[in-house]
Structure formats: C-alpha cells, structure tokens
Amino acid sequence: MRGIEEEEAEASLVGLTIRTSSSQASSSSKKGKDLLNASDSSPSIKNSPFNSPSLVSPPSSAFVSALQSPYISPRATTQPITTTTTTHKPSPPVSYKGSQSEDVPSSSYTPPSDQYEFSDDNPSDRKLKLSACTPDPVPPRISFSFPVPRVSLAKVSVSSPATNTKLRSSDVFIGFHGQNPNLVRFCKWLKSELELQGIACFVADRAKYSDTQSHEIADRVICSVTYGIVVVSCSSLLNYLSLEEVRFFAQKKNLIPIFYGTGPSEIMGLLNCNAIDKECKEAIDGLIKSHEFKLEANETNWRSCVGKTATILRAKLGRKSVVDKEIVEGIDELPFPRNRSFLGREKEILEMEMALFGNGEYLESTTPSTRGEASGQSEGLADEESDAVSTRNGKFISLELGRCSEPRSEAWIDPNGGKNSLKRLLKTKKYRNSSNCKSSTSVVCVNGIPGIGKTELALEFAYRYSQRYKMVLWVGGEARYFRQNLLNLSFSLGLDVSADAEKDRGRLRSFDEQEFEAFKRIKRELFREMPYLLIIDNLEIEKDWWEGKDLNDLIPRNTGGTHVLITTRLPKVMTFDTVQLSVLPSSDAMVLLRGRRKKDYPVEEIEILKLFEEKLGRLSYSLWVVGSLLSELTIPPSALFEAVNKVQIEERSASPFVNINDEQYCKSNPFVAKVLAFGLAVLEQAEGNRNLLSLKMLLVGAWFAPVPIPVNLLAAAAKNMPTGGNRFSKWNKCLSHTFAWCGGCGLGRRSEEDAAFLLVRLGLARITNRQPGCWIQFHPITQTFARRRDYILAPKATVQGVRKIDNPLLNLDHLWASAFLVFGFKSEPPMVQLQAMDMVLYIKRTALPLAITAFTTFSRCNSALELLKVCTNVLEEVEKSFVSQIQDWRQGSLCWKKKTNKKVDEYVWQDVTLLKALLLETRAKLLLRGGHFDSGEELCRTCISIRTVMLGHNHDLTLAAQETLAKLVRMRSKI
C-alpha cells in the first residue's frame, strides 16, 4: 500500500514541482469516481467568445506521433493491482483543413480515456491529478500541474474510449506568448514546416485561452509530447504560463528554446534584478541550460532558424527519411542578382514593410486567462486556491478582459505601490506604444511610369526580407504569359498540375474543371500558413488575357501567410494598397549618371550631367544606361551629350506587334529613344561590318518573351538574321569623333557570351540567376525600342532560332512567343510568313510539342486545343494554295505553262496532308479526355480517311486512328 501511495504522490499535478507527499492523492478517489460517472450525459462545454481558438487537424497521414509520452501512466487504484502492459496507439490522422490561429480544440473535443482522480473534500484541493501505476516503486518524477481547476467534470466526458481519437497525438508542443503578429507568423511557419517534415505539432499561446476546457486539452498535450519548443520573446517572462512551460520542459530535459528578438545574454542579465521571483529564476536557469542548439531568431534569419529547428527535430525523432527537400537560400529563387548599385527608395521600402508586417511596435499582452470566467460559467473559483494562484510573492494580478480586438495588459501591482521593475525593464527594451500600431495587409502594389524602377524596388525588397519567407516566387505579369507563369510555380512548389487521364474518380471532368483544379492546387499550396513572397512583376491588365477571368480568381482575399507584391504601370489594381513611386531625387540621379566607375568630373561636366538628368526625367532605367555608356566608353559627358543630340530618329510606321502604350512612350520620350539609338550605333561601330553579333542578339531578343533567355538560343537566332547595310550610315560620320574615344575600350569581335556581356555592360540587358549556362534578360523599354527598329527580319530569325530549344519546359514562354509571331492570336495578325516546308517543320517541332505539353503538364486544355485548331487551319490554307496552283496550271494557256517553271512539290504536299491528319488525331485524343466525344469522333474519322488514302487501310498509323475512334464510340455509348 505504501508503494501505491508513493506512486500516486509522484503523479500529482502541482505547479512544475516534485511532490513526495501522498495525503491529498489518497483522499480524492471516491468522490472523483462519482463525478466521472455523472459526466457522460452532460453537454459539452461551449467555447467562450473571447479568443477561443479552434481545432486544427493534422495535414497528412504522415503526422503520427513516433513516441508516446513516458510521463503518463494508467491510474492506480486502491484495489489489488494486476500488472498489465498498456500499448498506446497513435490516433488516426485527420484530413488537413488549413491552419488556424492556435491549436485549441473546439468544445466538441472529448479527451482521452485516461482515468483521473479528484478531491472534493476541500474546494482548494480540487486539482486535476494523474496517478501512475508501475510494478515497482520508482523515484519521484516531474509532474505538470496547474493551480486552478481547468475543466468542469460534469460537462466533459472522459470515460468513452470510442471518442479518444478526436485529439491527435503530437510530437512537439510549440508555446509562445505575445500579440506581435510577426511572432505569431513565425510560430505558424515553424509549425507548418515541422508538419511538412512529418512531425505533428501543437502550437499555443495559452494566455489567450478563456475557457477551462482549452486549458485542459493544452495541459494534456504538454504532458504527452516528446519535445517542447518555447519561443522566448520579451514578454514571455511576464507570463507565468510561459514560465510554467519552460520550467516543466526543462525539468523533463526535453526543452528546445528559441529566443525571438532577444538573446541568452539579455535573459541572464535579468538574474541580477531583485524584482524577479524564484519561479522566474528557475525558468531563466532552465533556458540557459537548454540553449545547446543556439536557436536565436531575429528578422534577418527566420528561414535559417526554422530550417535548423526542423533539422534538429528530424534527427531527434528519427524522421530523416521523411525530408521532402532542404531549405535553400533565396539567391536562386530570384531572377536577377542583387543590384549592388541600388540606392534611395528607403521611404518606399519602409512603407512596404509597414504595410506587410506592421510597424513592429506592440504592447505585449500578459493576460493569462485561466479561470474560464469569460464564458459566463461559474466554476466556483473564488476559493483559497485561486486566491493563492493570483498572489505570487506579494504581487497581485488584476485581470481585465473585454470584448475588444486587443486584450488589455494586466496590471502587476506591488503591495508597496511600486510598478514591477522586471516588466518595466522588458517593455522598454523592445516594445513601445501600441497606439501607433498599424494593421498589416497581405497584398501591396507598386505602381509608376515605365523605367522609374519598380522592378528594382521589388528585387531589393525581396533580397532584404527573403529570410522572413519560406520561398520567394517571381512571376512575370505580362498579359500573354501571366497564366503560364502562374502554372510554372508548380515546379517550385513541387506540385502536380497535369491534366487528368481519361477518368478521374469514376467520371470525366470538363476542361474548365481541370483548369480550375490546376489553379486550385497552386492556390491551396501558396495561400496557406506557410509564408511565401509572391512577386508579380509588370502586371499589364487586371483580367486574364486568355479567358477574361478576374484577378480575384487568382489571388484570394485571404492569402494566409503569403504576401503578394505587384509592380504595375496601372494607377490602381483592384482594391489593393498602393505604393506610388516618384522620380529619384537629384542626388541619387547624379550617382547613377556617374556610372559604375564613380568618376569625378569637373564643374563643367557636372552641368552637362544635370542636363542629362533633366532630359531623362530622373528615371532609373535611362540614368543607368547613360551611366553605363560613360563608364564603358570612357568619354566625357559633354561628348556623349553632343553625340546623342545629333542622332536623328526616323519616323517609321508603327509596328502592329507593339502595343499602343509602348508606342506612346517612345513618342513622348524622344531623348530616351536617342540614347538607345546611340547604344545600337555603338554596337555596330565597335563590331564593324563583321558579324554584328551583339547588335543582332539585341534585335532578335526584342521578339522573345520578357523572361530570361539562354545566350546560346539568342545567338542561334541572331545567326539566322541576315546582315544588312549600315542602318546608321546617315549620321555615323557625325559621330566619328565620338567613337574615336572607344579605341581602347575593348568593344571588338567576341564570342557568344562576350557579346551578351557587352549588352549587359552597356546597360541594355541584365544578367540573370537562371542555370545552367548563361542567361540574360532585356528591359521592356529596350525590347520596345528594338521592335520599332526591325519588325521584319528579326521576328523571322527568332522563330527559326526557337526550333533549337532543347528543354521545352524551361522555355515555354519563348515557345508561346514564337506561336504568337507565326499564327497571331485574337485581334493580332501573324508577324512571320513561313514557306510551306518551313511551316511543316515549325508545327511538327515546335507548335505540336508545345500544345501537348501545355495540355498534359499544365492542364491548359482550352489554350492547347485552340493552338492545334489554328495549326490545322493554317495547313488547310496551304493545301488550298496547292490546289489553286494546280488548277491555275491546268487551266492556263500553253504559252503561260512554258513561262511558268514553278511546280508544286508533291512531297511537301504529302507532308502537309499527313501532318494535318496527325493534328486531327491529337485533337481527338485530347477531346476524349474532356468528354467531347462527338467532336472527337468527327475529327478522328477525317484522320482515318486521310491516312487510308495516303498510307493504306492496314498501315500502323491508320490502325492507331481506328483504335482511337473505337474508344471514342465506346465512351460515348457508356455515357
């Protein structure tokens, strides 16, 4: 009997201390059983309206606790003991429903069937106790206790084994305290990352709990987890629940502290403060002793800290094989290297930071809601025990909790009338007045005129704050490519957005449903609690160019932990917050004009630089181009200004492929156009009449998509462009004295990469981070100007060069750009006219693989079918032209026949016809996947007719088309 009493005593729950007394444990059995028997038929406790969080289900079936807690054992009774072995089975996982604020179950939760003992002899003894049963006596162990009752036994059933699976098993408890949204954001990120690695987590700020049932559930989780993470912020030591967690896990030797916004040295400095009590000193001592992993989070290393924590816990829990992919640094996520010459814009960056993160100045709430009074239910807590809890070392806690968005801070009052010096010390360190707090948003738009520096600002913001995000995702917002760029995120997010096979869940889904599901998968992964930074650069229109869908269909109102940054020329995008960019101040503009060499000029040349500044309107792009020319050509500003002024811009008819806004920009900024024309003249003069590789790369690059271009592809397209006469011969003589300065600047004949780097050095292009190989990207203004210079030879060379693309998945935008040039889309006419054989090669090698990839890999069903239909129509026009030539030849006079040597190539005609049959069969197979059986059957019958005539009835291709037809007929009959 004595051994049983000792075991019950060591499992009693008392404020993180070790008890060996068993007097209270032995007196609680009888009435505790009566209360348990009466609890089954009682209704469940309703959550309080004050900050009562809801249940968060585990995100996947992998989230099963590997280790059950060794600190909770079955109840020991006073009856004869039968030694049995109890096997704890993890709860079956529940489907993921999205993370909420904290892991607090709702009132429908039924605790596990562990047996509890209660004492009703004295109101002050109404403590939740857990008895242990072991065959042999063991030394006293740590028990987690709470000074006030946490649950009404008449309202919560604990005896039904059938309901035990409602509380999932957790591996890790994450505790924190504070109102700072960034702290909450960090803890949610940590939880999401750990659960991604297969580690079930329970995150909670228990001071926000206002009902006793939530506290009871959190207590059980704390006692059962394998490891406890406490995120220690400046306000944690002001909250006794956080201190309780630290002391409990430290005594169990499974504490992993993460210092957030503070450090161990600052925490140790508090030991010299006379105002802290014994419990606080114990907690500080536990933090210091458990700080073996050196986990310290600040706003510059969130990602590294989360990744290191996940690595530690994977190793401790043996989950190394569950790792999906390691966290990598953000440099490869962004398209461009960081601009080391970036300057200014500090006001705009601060405005963006405040909009997305808030101003960071929060008065932390230290209100521990432990009584459950906010729910309006009287738990009989006005007893000696509750009074003893509210009084700690002569300090009284005055709780005030009202119906407001921000709980008020408690007043820690010293009986002698003095303020708590510990609290004052911590508050003055980091958090200041909360009256200036600004609520944060999740979407920010940066708008301004072309060339003002929107992309540079977004790039600098991404590099500065990349550690606050799991990943930075960069998406081009150009209208024609926006949809494909969003679907390309599936590679970065590790998602499968491919179209269905012939059936999905027993039924065929329409193409609209399949496309909607593909975007839904990306949105579901992107806009959850895992923090991503999505940058949409150069958004052209608010609606989808392909189908006219609204931007709200792509960016939901609730973006979860993800922030969206949009750069655009539009004055307003939906109802999103806007940061308006103005021109650079004169001092920053002068720095850009000096160029990379930062050369000092005499006063006369400084005045010329001011003329440049005035003419260019202090726009970042134009200033950078002029500074690059001054640095690379080593000419004085006066000579450059004179040469640029002598450039004559020809009035040419507008290109039908240049939109109205770009055309208007070129006309309203003639001096910028002159500067760019001078740059092209420099390329031609420097390379002479040899191969003009850099110049050709610039001209053909204007017709590629506005994304990074591999240099080898750019060079291949440039070599297909014939070398014409000197386009600048009219005024090159006037610039001869200017080019004399370029003799020693090294702008001579060069390799492909050297030619690309020359464009970068002159400010006309920029290097990118894309791998493998060397990739560059042209500024939209550069592309606009180059398109106006040549829209006949360069587009055709671009189409011919695109055929040599090795990896279509890395160059989908360029493939689509070539399709727009060849076929035109919507109201745009085709720019490139190909001969019959060239058209056959283009469709076979470029258009057909592009359509199949778009359909199968990215679920772009309608776009792919539209492209195949356009290809079919083009081939039919080629066939009609052949027939027309034959008819003209037969109906013409004998003299006309003798003069005409042109004949129809029968082999080309055959290739055109067979390729048309292939397109018809491909369309039929794709229509089968969307349930369009009638249309598919009609196309397939046409394909069979063509192949039967051209190849024969028993040819393999004819038989394959017949099998497709049979499948279409069979599927139609079933439906």
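Rules and cut-offs
Residues numbered from 1 in each chain as written. Predicted model: local features only at pLDDT ≥ 70, side-chain atom pairs only at ≥ 80, totals over all residues. Heavy atoms only, no water. Helix = DSSP H or I, 4+ residues; strand = E, 2+ residues; numbered from the N terminus. Contact = heavy atoms within 4.5 Å. Pairing = 2+ DSSP bridges. Axes fitted to C-alpha atoms, helices over the stretch in contact; angles between N-to-C directions. Core = buried A, V, L, I, M, F, W, Y, C linked by side-chain atoms within 4.5 Å. Buried < 20%, exposed > 50% of the residue type's maximum accessible area, 1.4 Å probe, protein only. Polar contact = N/O pair within 3.5 Å; in protein donor to acceptor, adjacent residues only side chain to side chain. Parallel < 35°, antiparallel > 145°, perpendicular 65-115°, else oblique. Nonpolar A, V, L, I, M, F, W, Y, C, P; charged D, E, K, R; others polar. Left-handed = near helix turned anticlockwise from the far one by under 90°. Right-handed = clockwise from strand over helix to strand, strands pointing away. Salt bridge = Lys/Arg side-chain N within 4 Å of Asp/Glu carboxyl O. Expected span 1.5 Å × (residues − 1).

- Going by the annotation in an unreviewed UniProt entry, the name recorded for the protein chain is TIR domain-containing protein, with Cardamine amara subsp. amara given as the source organism.

**A few points about the overall build of the protein chain**
Here comes step 1: Counting its regular elements, the protein chain contains 35 helices and 16 strands.
Here comes step 2: Residue pairs in contact within the protein chain that sit at least 24 positions apart in sequence constitute 82% of those at least 6 positions apart.

**Overview of the sheet that holds strand β10 (residues 471-476)**
Here comes step 1: The five strands are arranged β10-β11-β12-β9-β13 in an open sheet whose pairing can be described as parallel. Strands at the two margins of the open sheet, each flanked by one partner only, are β10 and β13 (577-580). With direction set aside, neighbouring strand axes in the sheet form an average angle of 20 degrees.
Here comes step 2: Looking at chain direction, strand β9 (residues 443-447) and strand β12 (residues 563-568) are connected through five bridges and run parallel. Bridge pairing in β12 places asparagine 447 opposite threonine 568.

**Points about the nonpolar core**
Here comes step 1: If you look at the biggest cluster of nonpolar residues, it comprises 221 residues, and the most contacted ones within it are Ile229, Phe461 and Phe823.
Here comes step 2: The element best represented in this core is helix α30 (residues 836-858), accounting for 12 residues.
Here comes step 3: Among residues more than four places away in sequence, those in contact with phenylalanine 823 are Pro830, Met839, Tyr842, Ile843, Ala847, Leu867, Val870, Cys871 and Val874.

**What to know about the sheet that holds strand β15 (residues 765-767)**
Here comes step 1: Read from one edge of the open sheet, three strands run β14-β16-β15, paired in antiparallel fashion. Only two strands of the sheet have a single partner each, and these edge strands are β14 (709-710) and β15.
Here comes step 2: Across two bridges, the pairing between β14 and strand β16 (residues 775-778) is antiparallel. The residue of β16 that forms the bridge with isoleucine 709 is isoleucine 776.
Here comes step 3: Together, β15 and β16 form the strand contacts of helix α26 (residues 752-761), whose direction differs from that of β15 by roughly 115 degrees.

**Structural notes on the environment of alanine 966**
Here comes step 1: Here alanine 966 is to be found in helix α35 (residues 956-974).
Here comes step 2: The class for alanine 966 is partly exposed, based on a relative accessible area of 37%.
Here comes step 3: Distance in space between the C-alpha atoms of alanine 966 and glutamate 937 is 8.9 Å, their sequence separation being 29 residues.

**Let's talk about the environment of glutamine 514**
Here comes step 1: With respect to the helices and strands, the residue glutamine 514 is situated in helix α15 (residues 511-526).
Here comes step 2: At a separation of 3.0 Å, a polar atom in the side chain of glutamine 514 contacts the main-chain carbonyl oxygen of arginine 509.

**Here we look at the side chain of histidine 814**
Here comes step 1: By secondary structure assignment, the location of histidine 814 is in helix α29 (residues 812-823).
Here comes step 2: If sequence neighbours within four positions are ignored, histidine 814 has contacts with Phe704, Ala705, Val707, Pro708, Ile709, Val802 and Ile805.

**Considerations on the packing of helix α22 (residues 693-701) against helix α23 (residues 711-719)**
Here comes step 1: Here α22 crosses α23 at 100 degrees, and the two axes come no closer than 8 Å. Regarding the angle of α22 to α23, the classification is roughly perpendicular. In this structure, α22 uses Leu693, Lys696, Met697, Val700 and Gly701 to contact α23, whose residues at the interface are Val711, Leu714, Ala715, Ala717 and Ala718.
Here comes step 2: By residue class, the composition of the contact of α22 with α23 is eight nonpolar, one polar and one charged.

**Brief notes about the packing of helix α5 (residues 212-224) against helix α6 (residues 240-252)**
Here comes step 1: Look at α5 against α6: their axes get within 11 Å of each other, and the N-to-C directions meet at 25 degrees. Comparing the axis directions of α5 and α6 gives the class roughly parallel. Like other packed secondary-structure pairs, α5 and α6 cross with a definite hand, here right-handed. Note on element contacts: α6 touches α5 through Leu241, Glu245, Phe248, Phe249 and Lys252, opposite His215, Ile222 and Cys223.
Here comes step 2: Residue composition of the contact of α5 with α6, grouped by class: five nonpolar, one polar and two charged.

**With respect to the pairing of strand β2 (residues 201-204)**
Each regular strand displays side chains that alternate between the two surfaces of the sheet.
Here comes step 1: Alternating positions in β2 separate into two faces, Cys201 and Val203 on one and Phe202 and Ala204 on the other, with burial throughout.
Here comes step 2: Pairing of strand β1 (residues 172-175) with β2 involves four bridges; the strand directions are parallel. The residue bridging valine 172 from the neighbouring strand is cysteine 201, located in β2.
Here comes step 3: Taking the sense of rotation as the criterion, the β-α-β connection linking β1, helix α4 (residues 181-196) and β2 turns out right-handed.

**Some words on the pattern of salt bridges**
Here comes step 1: In the structure shown here, the tally under the stated rule is 40 salt bridges.
Here comes step 2: For arginine 319, the salt bridge identified is with aspartate 171, shortest N-O distance 3.4 Å. Taken together, the residues arginine 319 in the loop between α9 (302-317) and α10 (346-357) and aspartate 171 in the loop between α3 (29-37) and β1 connect sequence positions 148 residues apart. For the pair formed by arginine 319 and aspartate 171, the shared burial category is buried.
Here comes step 3: A salt bridge links arginine 483 to glutamate 515, with the shortest nitrogen-to-oxygen separation between them at 3.5 Å. Here the residue arginine 483 occupies a position in helix α14 (residues 482-493), and glutamate 515 occupies one in helix α15, the gap between them amounting to 32 residues. For the residue pair arginine 483 and glutamate 515, the accessibility class agrees, reading buried in each case.

**Brief notes about helix α13 (residues 454-465)**
Here comes step 1: Relative to the 16 Å expected for 12 residues at 1.5 Å per residue, α13 spans 17 Å between its end C-alpha atoms, a close match to the ideal helical length.
Here comes step 2: α13 sits mainly inside the fold: nine of its 12 residues count as buried.
Here comes step 3: Among the residues of α13, Lys454, Leu457, Ala458, Leu459, Glu460, Phe461, Ala462, Tyr463 and Tyr465 are the ones counted as buried.
Here comes step 4: Turning to α13, the residues buried within the fold contact α10, β9, β10, β11 (532-539), β12 and β15.

**Things to note about the pairing of β11**
Here comes step 1: Among the eight residues that make up β11, eight are buried, leaving the element largely enclosed by the rest of the structure.
Here comes step 2: Two elements, β10 and β11, share six bridges in a ladder whose sense is parallel. Directly across from tryptophan 474, in β11, lies its bridge partner isoleucine 535.
Here comes step 3: When β11 meets β12, the two strands line up parallel, connected through five bridges. Looking at the pairing, isoleucine 535 lines up with leucine 565 of β12.

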